[in-house]
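# Coordinate inspection notes
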Amino acid sequence: MSIAEDIVPLAQPVLGEAEEAAVIEVLRSGQLSLGPRIPAFEERFAARLGVPHGSACSSGTAALHLALRAVGVEAGDEVVTSPFSFVASANAILYEGARPVFADIDRRTLNVDPAAVAASVTERTRALLPVHIFGYPADVPALEAHGLPIVEDACEALGAVHADGKPVGGRGHPAAFGFYANKQLTTGEGGMLTLGSAEHKAQVDSERNQGRAPDMGWLDHDRLGFNYRMTDIQAAIGLVQLDRLDGMLADRARVAASYREALGGVEGLELPCEDEGGDVRGWFVFVVQVPRSHRRDDVIAGLREAGVQSKPYLPAIHLMSFYRERFGHRPGEFPVCEDVAERSLALPFFPAMTEGQVGRVAETLARVLQS
Ligand SMILES: Cc1ncc(COP(=O)(O)O)c(C=O)c1O
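On a predicted model such as this, the values are computed, not experimentally measured, just so you know. (Residues numbered from 1 in each chain as written. Predicted model: local features only at pLDDT ≥ 70, side-chain atom pairs only at ≥ 80, totals over all residues. Heavy atoms only, no water.)

Another aspect to go through is helix α2 (residues 37-49). Over its 13 residues, α2 extends 18 Å from the first C-alpha to the last, a length consistent with the 18 Å expected when each residue adds 1.5 Å. Along its buried surface, α2 packs onto α1 (17-29), β1 (53-57), β6 (175-178), β7 (191-195), α7 (198-207) and α8 (232-243). Gly50 occupies a position one or two residues after α2 and carries a positive phi of about 75°. (Helix = DSSP H or I, 4+ residues; strand = E, 2+ residues; numbered from the N terminus. Expected span 1.5 Å × (residues − 1). Contact = heavy atoms within 4.5 Å.)

Right, dumping it as structure tokens:
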């Protein structure tokens, strides 16, 4: 066995003959963009979440940007959001010249803490942007009490369900999903906005397509727009991936359960929170927090030596150099987020992961933590 084969990778998409056949069909049809697979994918995706509309986009980031525009975020506005997220959720706020106002996270769920959000809302707050981090439902029902527009970053949360039975992304607020290769459903790159409002859908569909008026062909672009379109090739892959989504989600949940069992006895290691109160996680990554007695980067190095990939996930956004320089953020502002970000470690996690691979990762991690 070569060394490369012996490495446990961080992520691996599930793609097969059905995706290949779907791509070939699009290539043979000659309609690679603005074709029939886009509305088909949108309709099936939205129906799965029980919302009236979906708008396919070129990425989750593009979907977030269009969602913020749809709810009326403008230059000078404030948007309250989580500092413990992939940087795109805060960047999308900056695209409109608005300011991300961070609120600290809840130590159990790692999602933005509703009490911290309440303390951060001012008369300048135009919207709230909760992130369903690592696929665990953020407490959107609590945030709804503010009566402010909500944009949900559900890029990591396909398959998650709120305690009241509504799927994450199914409450009618614009909710952005991402389809990068490590996601629950992949189209290589791509995203989807789920929407409750027909007005939002019309605006988003126009703005993703250079601001084109819906009934004026190429003749008129009646607003500023972008090229945030998804291709038909991506939508065709997305349709096949939707067919296999339940199986892929079940496989991720199985791998997570194996990890929980294998790592349960490792002293000081914190595992992802269990589902509580009716909330259901849509498994995306398996992120642990290393004991405070260890340096996370040493643990990564130890795992790498044994052929196990891992990565720090996620760094605190407000402490990234660009955010520090632009907004003057300093360590200590969001203590829970900073503590978690310093210790969080993503382990290999993908639907086809075997018991043997999980066992090997768990044994290696336990050994590295004992040394
Ligand atoms: C929480 C979160 N927000 C936003 C994004 C951006 O999605 P995309 O990479 O499709 O633009 C991601 C994707 O990695 C994400 O994990």
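On we go.
A separate point is the pairing of strand β8 (residues 286-289). In summary, the side chains of a regular strand alternate between the two faces of the sheet. Taking every second residue as pointing to the same face, both faces of β8 are buried, with Phe286 and Val288 on one and Val287 and Gln289 on the other. Across four bridges, the pairing between β8 and strand β10 (residues 344-347) is antiparallel. Across the sheet, residue Phe286 finds its bridge partner in β10, namely Leu347. (Buried < 20%, exposed > 50% of the residue type's maximum accessible area, 1.4 Å probe, protein only. Pairing = 2+ DSSP bridges.)

A word on the nonpolar core. Core analysis: the largest hydrophobic core is formed by 48 residues, its most contacted members being Leu68, Phe84, Leu129, Phe134, Leu193 and Tyr313. Those elements that provide at least two residues to this core are α3 (60-70), α4 (88-95), β4 (125-129), β7, α11 (321-327) and α12 (335-343). Here this core gets seven residues from one element, more than from any other, and that element is α3. In this structure, Val288, Val299, Val368 and Leu369 belong to the second largest nonpolar core, which totals 26 residues. (Core = buried A, V, L, I, M, F, W, Y, C linked by side-chain atoms within 4.5 Å.)

In this section: the pattern of salt bridges. Inspection of the entire model under this criterion finds 26 salt bridges. In this structure, Glu144 and Arg171 form a salt bridge, with 3.0 Å as the shortest nitrogen-oxygen distance. Here Arg171 lies in the loop between β5 (152-153) and β6 and Glu144 lies in helix α6 (residues 140-144), a separation of 27 residues in the sequence. Across the pair Arg223 and Glu207 runs a salt bridge, and its minimum N-O distance is 3.9 Å. One end of the pair, Arg223, is in the loop between α7 and α8; the other, Glu207, is in helix α7, and 16 residues separate them in sequence. According to the relative accessible area criterion, Glu207 is buried, its value standing at 2%. Where salt bridges share partners, they join Arg107, Glu270, Arg292, Asp339 and Arg343 into one cluster. (Salt bridge = Lys/Arg side-chain N within 4 Å of Asp/Glu carboxyl O.)

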